[in-house]
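# Working through the structure, step by step
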2 protein chains.
Amino acid sequence: MTQWLDEIGEEEDIVISTRVRVARNLSKYKFPEYMSISESDNLTDDVLNRVKKEESDEYKFKRLRDLNKLEQRVYVEDHLISPSILKNENIGSFLLRKDEKATIMINEEDHLRIQTLFPGLNLEKAWELCSSIDDFLEEELKYAYDSDLGYLTACPTNVGTGLRASVMLHLPCVSMTGSISVIIEGLRKIGLTARGLYGEGSEALGFLYQISNQITLGDTEEEIINKLDKVVHQILTRERNTRKYLTSNRLVEMENKVYRSLGILKYSRILSSTEAMEHLSNIRMGETMNILKNKELSSAIKLMIDIQPANIQKKLNKEMNSKERDIERARMMREFTLGVEV
Amino acid sequence: MTQWLDEIGEEEDIVISTRVRVARNLSKYKFPEYMSISESDNLTDDVLNRVKKEESDEYKFKRLRDLNKLEQRVYVEDHLISPSILKNENIGSFLLRKDEKATIMINEEDHLRIQTLFPGLNLEKAWELCSSIDDFLEEELKYAYDSDLGYLTACPTNVGTGLRASVMLHLPCVSMTGSISVIIEGLRKIGLTARGLYGEGSEALGFLYQISNQITLGDTEEEIINKLDKVVHQILTRERNTRKYLTSNRLVEMENKVYRSLGILKYSRILSSTEAMEHLSNIRMGETMNILKNKELSSAIKLMIDIQPANIQKKLNKEMNSKERDIERARMMREFTLGVEV
């Protein structure tokens, strides 16, 4: 999986991916929290019927209750479904587009969460695709919509556009100099927020930050997208300037950080996912700073997903305890670093 | 320097070195603390005259005031003189035997400190040599001696035999399992003590412990030496049993520790002496556990001395600040680890 990361995206030295999602609900059903399994099956059928009419070849359909825990977690780790949908194991399902660029989640927090995912900075395309899927579904499904408030959602924070647009940034340099805290504080003031790799509540591991809009009400979709795009470009400039500064003034310290991570990845025999993420992040930093000669920038990021617990177990096709995973993860890293030139 | 480490010693998998010293004072002079420079010169002449009569070819003589700070510190780092003698820079001097196995320090805390130093476990030889130098000096120099108390010394903790015998042990396995704290507690109860690499007050860096007698009064010299020898053999058994246990039950954890240290030493660009010591200590552990194939066991220990601040500056023949030393130390480590086979 993670084929959505295969293409080279815009601004790929810093921007890992762009994600847009809208939250939608059908007026004739209760919110998922209050829904029975049979009601949810009816809702799921409504959605499937709409998709089958024109797009059935484009999507594969999965019910969570037909997947084992491991398979479920792999989809989450690959960012193809949200962690929250796993809370609704009995009623949740999803349609995944075959190019992995779009997922229609059914019965997550809302009846529908339409998500699109692109490598690099690609807010316009991600929004276009999301919007077109939304329009397509709305042709036959009646959304819960209020002419004053806009789209109605299970949680009031999503009411209005129901839109969350987010961009995943790798920001090692502003993180190391400490400017990141000023940036995050500034984002908050203009209604944007920064989260870690796996969304709300997750830590900013490996210098990875998801920047997204906090507010869904008041601005139009285009305003939300444009504001985010503008702010991301400012952050890119900041990170690149800091990178130049560190290259000119702190080169040996940066080399020390990058090469130590390389040494640890090359030689460890036991490696937790948290630690592996940190070192892979330093490797990627070394590649963008031309300290290491790399094959392709995306490989460290792909590996950050491949080394997650469920992905490792899926690859080896067996259940593994934490220690076994840590040993396998270390082995994968030794294999990976064979290809990194010093 | 550190040619005293060139020979292979007994029990060299664990015992780095054996050191014996006696504290002696000449009855006709005040203790060094109260001594003028001219008095100290007279005392120094008395000692030199005795040595010159029969042994002058065996020793080289150095006055501290003729050495610069860097040269002084190199002798300390190499364990050839004690750190304390540097406090008496104006009156202190020493005679170093050309094979580096013996030093006669003049005006350290006492008028004379006769030290002998052997690789590996060699208490008997170290004591024999120390005793013979002591006898030789006493033939013409009148020692401060009390028929009840024994040899009189500046500090009451040395009165009696004036003898301190110590053995430097590398104890990674009992340190890692935590048994070391029980061992140290046990030593205290029988009048022995454990110190770090550079003696009193120094930390037990790199799993290195100096075990020595605390008590100089009451037991004869032979009793002190024999007791220490017996206890050291018990500790050796403990360390070796723990090593076997870890090899059988925690091999991947031990490999992880050893190889990570190797990775860091191979790739660092900046390395403090404390950190280098820790990793070299793990390399040595890897060699004794047959995780790494080594050239010779003593090289990691030698390097622990070579990477000390004064030694690095002496080798490059220039004053260096802390950052410059950390960079050079990292370079030395990369060179060293080229020869370590995985």
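Residues numbered from 1 in each chain as written. Chains lettered and ligands numbered in written order. Predicted model: local features only at pLDDT ≥ 70, side-chain atom pairs only at ≥ 80, totals over all residues. Heavy atoms only, no water.

## Considerations on the overall build of chain A
Here is the rule: Comment: elements are numbered from the N terminus, with helices defined as DSSP H or I runs of at least four residues and strands as E runs of at least two. Two things to know: the radius of gyration comes from C-alpha atoms, and the globule rule equals 2.2 Å times the number of residues to the power 0.38. By definition in these notes, contact holds between two residues if any of their heavy atoms fall within 4.5 Å. Method for areas: the Shrake-Rupley scheme with a 1.4 Å probe, in which residue coverage is limited to the protein chains shown. Charged residues are defined here as Lys and Arg on the positive side and Asp and Glu on the negative side; His and the ends of the chain fall outside this count. All charge positions are set by atom: Lys at NZ, Arg at CZ, Asp at CG, Glu at CD.
Of regular secondary structure, chain A possesses eleven helices and ten strands. Computed over the C-alpha atoms, the radius of gyration of chain A is 21 Å, within 12% of the 20 Å expected from 2.2 N^0.38 for a compact globule of 342 residues. Structurally, chain A occupies a C-alpha span of about 65 × 45 × 30 Å along its principal axes. Considering only contacts in chain A between residues 6 or more positions apart, those separated by 24 or more positions represent 70%. Counting every atom, chain A has about 14,800 Å² of accessible surface; 46% of that belongs to carbon and sulfur. Looking at chain A, you have 48 positive and 56 negative side-chain charges, and the mean spots of the two groups are 6 Å apart.

## Description of the pairing of strand β1 (residues 15-24) of chain B
Residues and elements named next belong to chain B. Rules: Accessibility here uses a 1.4 Å probe with only protein chains present; expressed as a share of the type maximum, an area under 20% marks a residue as buried, one over 50% as exposed, and anything in between as partly exposed. Only when DSSP finds a minimum of two bridges between them are two strands counted as paired.
Taken across its ten residues, β1 has nine buried, putting it largely inside the fold. As paired elements, β1 and strand β8 (residues 163-170) share seven bridges and run antiparallel to each other. Bridge pairing in β8 places Thr 18 opposite Val 167.

## A closer look at the pattern of salt bridges
Short version of the rule: Any Lys or Arg side-chain nitrogen located within 4 Å of an Asp or Glu carboxyl oxygen qualifies as a salt bridge.
All told, the structure shown has 46 salt bridges over all chains when counted by the stated rule. Salt-bridge contacts for Lys28(A) lead to Asp46(A); the nearest nitrogen and oxygen are separated by 3.4 Å. You can see Lys28(A) sitting in the loop between β1 (15-24) and α1 (37-55) and its partner Asp46(A) sitting in helix α1, a full 18 residues away along the chain. The class of Lys28(A) is exposed, set by a relative accessible area of 63%. For the salt bridge of Arg50(B) with Glu139(B), the shortest nitrogen-to-oxygen distance reads 3.0 Å. Taken together, the positions of Arg50(B) in helix α1 (residues 37-55) and Glu139(B) in the loop between α3 (123-138) and β6 (145-146) put the pair 89 residues apart, joining distant regions of the chain. Its relative accessible area of 60% is what places Glu139(B) among the exposed residues. Among the ionic contacts, a cluster of salt bridges with common partners joins Glu11(A), Asp13(A), Arg240(A) and Arg243(A).

## Looking at the relation of the copies chain A and chain B
For clarity, the cut-off: Here the copies are superposed with least squares, the fitted atoms being C-alpha atoms of residues at a pLDDT of at least 70 in both.
For these two chains of identical sequence, chain A goes onto chain B by a turn of 180° and a shift of 0.0 Å along the axis, with RMSD 0.0 Å. Here the copies are linked by what is in effect a two-fold axis. No C-alpha of chain A approaches the rotation axis more nearly than that of Gly263(A), which lies at 2.1 Å. The share of interface residues of chain A whose copies in chain B are also at the interface is 100%, consistent with both copies meeting through the same surface.

## Side note on the packing of aromatic side chains
Applied cut-off: When the centres of two rings from Phe, Tyr and Trp lie within 6.5 Å, Trp using its six-membered ring, the rings pair. Their planes under 30 degrees apart give stacked, over 60 give edge-to-face, and anything left gives tilted. Two conditions define a charge located above a ring, namely a distance within 6 Å from the ring centre to NZ of Lys or CZ of Arg, and an angle within 35 degrees of the ring normal.
All told, the structure shown has six aromatic pairs over all chains when counted by the stated rule. Relative to Tyr151(A), the ring of Tyr143(A) has its centre 5.9 Å away and its plane inclined at 75°; by these criteria the two rings are edge-to-face. Here Tyr143(A) matches Tyr151(A) in class, with each residue buried. Between Tyr145(A) and Tyr151(A), the ring centres sit 4.9 Å apart and the planes meet at 70°, which makes this aromatic pair edge-to-face. Its relative accessible area of 12% is what places Tyr151(A) among the buried residues. Taken together, Tyr143(A), Tyr145(A) and Tyr151(A) form an aromatic cluster joined through their ring pairs. Over the ring of Tyr151(A) we find Arg24(A); its NZ or CZ atom is 3.5 Å from the centre of that ring. The ring of Phe136(B) has Arg50(B) sitting right over it, with the charged end atom 3.9 Å from the ring centre.

## Describing the sheet that holds strand β3 (residues 93-97) of chain A
Residues and elements named next belong to chain A. Quick reminder of the rule: To define axes, lines are fitted to C-alpha atoms, for helices over the stretch in contact only, and angles between the resulting N-to-C directions are given on a 0 to 180 degree scale.
An order of β2-β3-β4-β5-β1-β8-β10-β9 is seen for the eight strands of this open sheet, with the pairing classed as antiparallel. Edge strands, defined here as strands with exactly one partner in the open sheet, are β2 (59-63) and β9 (192-195). Recorded for the sheet is a direction-independent mean angle of 20° between the axes of neighbouring strands. Packed on one face of the sheet, helix α3 (residues 123-138) meets β1, β2, β3, β4 (102-106), β5 (112-119) and β8 (163-170) and runs near 150° to β5.

## Describing the packing of helix α2 (residues 69-77) of chain B against helix α10 (residues 309-316) of chain B
Residue and element names in this part refer to chain B. This is how it is decided: An angle counts as roughly parallel when it lies under 35 degrees, as roughly antiparallel when it exceeds 145, as roughly perpendicular when it falls between 65 and 115, and as oblique in every other case. Crossings are assigned a handedness: left-handed for a near helix turned anticlockwise from the far helix by less than a right angle, right-handed for a clockwise turn. Amino acid classes used here: Ala, Val, Leu, Ile, Met, Phe, Trp, Tyr, Cys and Pro are nonpolar; Asp, Glu, Lys and Arg are charged; the rest, including Gly, are polar.
For the pair α2 and α10, interaxial distance at closest approach is 8 Å and the crossing angle is 125°. Relative to α10, the element α2 lies oblique. Considering the relative orientation of α2 and α10, their crossing is left-handed. Contacts between α2 and α10 pair Leu 70, Arg 73, Val 74 and Glu 77 from the former with Pro 309, Ala 310, Asn 311, Gln 313 and Lys 314 from the latter. Looking at the contact of α2 with α10 residue by residue, the class counts come to four nonpolar, two polar and three charged.

## Quick notes on the domain arrangement of chain A
Frequently, the measure chosen for interface size is the accessible area removed from exposure when the parts meet. Residue and element names in this part refer to chain A. Here is the rule: Reported domain spans reflect what an automatic or database domain assignment gives. Here the quantity called buried area is the accessible surface, traced with a 1.4 Å probe, that two parts lose on coming together, added over both. For the purposes of these results, a polar contact is taken to be a pair of N or O atoms within 3.5 Å, where, inside protein, one atom must be able to donate a hydrogen and its partner to accept one; residues adjacent in sequence count only when each atom of the pair is a side-chain atom.
By the assigned domains, chain A splits into domain 1 (3-240) and domain 2 (250-337). Taken residue by residue, the interface counts 23 residues in domain 1 and 23 residues in domain 2. Summing both partners gives a buried area of about 1,900 Å² for domain 1 against domain 2, and 70% of it is carried by carbon and sulfur. Three residues, Leu 5, Leu 70 and Glu 77, lead the burial of domain 1 against domain 2; their summed loss comes to 26% of the area buried on that side. In this assembly, domain 1 and domain 2 are joined by zero salt bridges. Summed over the shared surface of domain 1 and domain 2, the result is seven residue pairs in polar contact (both at pLDDT 80 or more). Elements supplying a minimum of two residues to the side of domain 1 that touches domain 2: α2 (69-77) and α4 (172-177). If you tally residues by element for the side of domain 1 that touches domain 2, the top one is α2, at four residues. When grouped by side-chain class, the residues that make up the side of domain 1 that touches domain 2 number 14 nonpolar, three polar and six charged.

## Some points on α1(A)
Residues and elements named next belong to chain A. Heads up, the rule is: What a helix should span is 1.5 Å times the count of its residues minus one. As used here, the arc belongs to the directions running from the helix axis to the C-beta atoms.
With 19 residues, α1 should reach 27 Å at 1.5 Å per residue; the first-to-last C-alpha distance of 25 Å fits that figure. Listing the buried residues of α1 in full gives Ser 40, Leu 43, Thr 44, Val 47, Leu 48, Arg 50 and Val 51. Around the axis of α1, the buried residues are gathered within 160° of arc, so they sit on the same side. Among the exposed residues of α1, those pointing more than 90 degrees away from its buried face are Ser 38, Lys 52 and Lys 53. Taken together, the buried residues of α1 touch β2, β3, β4, β5 and α3.

## As for the sheet that holds β1(B)
Residue and element names in this part refer to chain B. Pairing is antiparallel in the open sheet, where eight strands are placed in the order β2-β3-β4-β5-β1-β8-β10-β9. Both edges of this open sheet fall to β2 (59-63) and β9 (192-195), since each of them pairs with a single strand only. The average angle at which neighbouring strand axes cross in this sheet is 20°, direction not considered. By the bridge criterion, four bridges tie β9 to strand β10 (residues 208-213) in an arrangement that is antiparallel. Residue pairing across strands places Thr 193 opposite Ser 212, the latter belonging to β10.

## Overview of a nonpolar patch on the surface
For clarity, the threshold we go by: Residues with no salt bridge and a relative accessible area higher than 30% make up the patches, which join like charges within 9 Å and nonpolar side chains (Val, Leu, Ile, Met, Phe, Trp, Tyr) within 5 Å.
On the surface, Leu149(A), Ile215(A) and Leu217(A) cluster together into a nonpolar patch covering about 260 Å² of accessible area. Here Leu149(A) lies in the loop between β6 (145-146) and β7 (150-151).

## Some details on the side chain of His279(A)
For His279(A), the position within the fold is in helix α8 (residues 273-288). If we ignore the near neighbours within four places in the chain, the residues touching His279(A) are Ser261(A), Ile264(A) and Leu265(A).

## Quick notes on the nonpolar core
The line we're drawing: In this description, a nonpolar core means a group of buried Ala, Val, Leu, Ile, Met, Phe, Trp, Tyr and Cys residues linked to one another through side-chain atoms lying within 4.5 Å.
Membership of the largest hydrophobic core comes to 95 residues, with the highest contact counts inside it found for Leu280(A) and Leu280(B). Ignoring sequence-local partners within four residues, the contact set of Leu280(A) consists of Leu265(A), Ala300(A), Leu303(A), Met304(A), Ile307(A), Met333(A) and Phe336(A).

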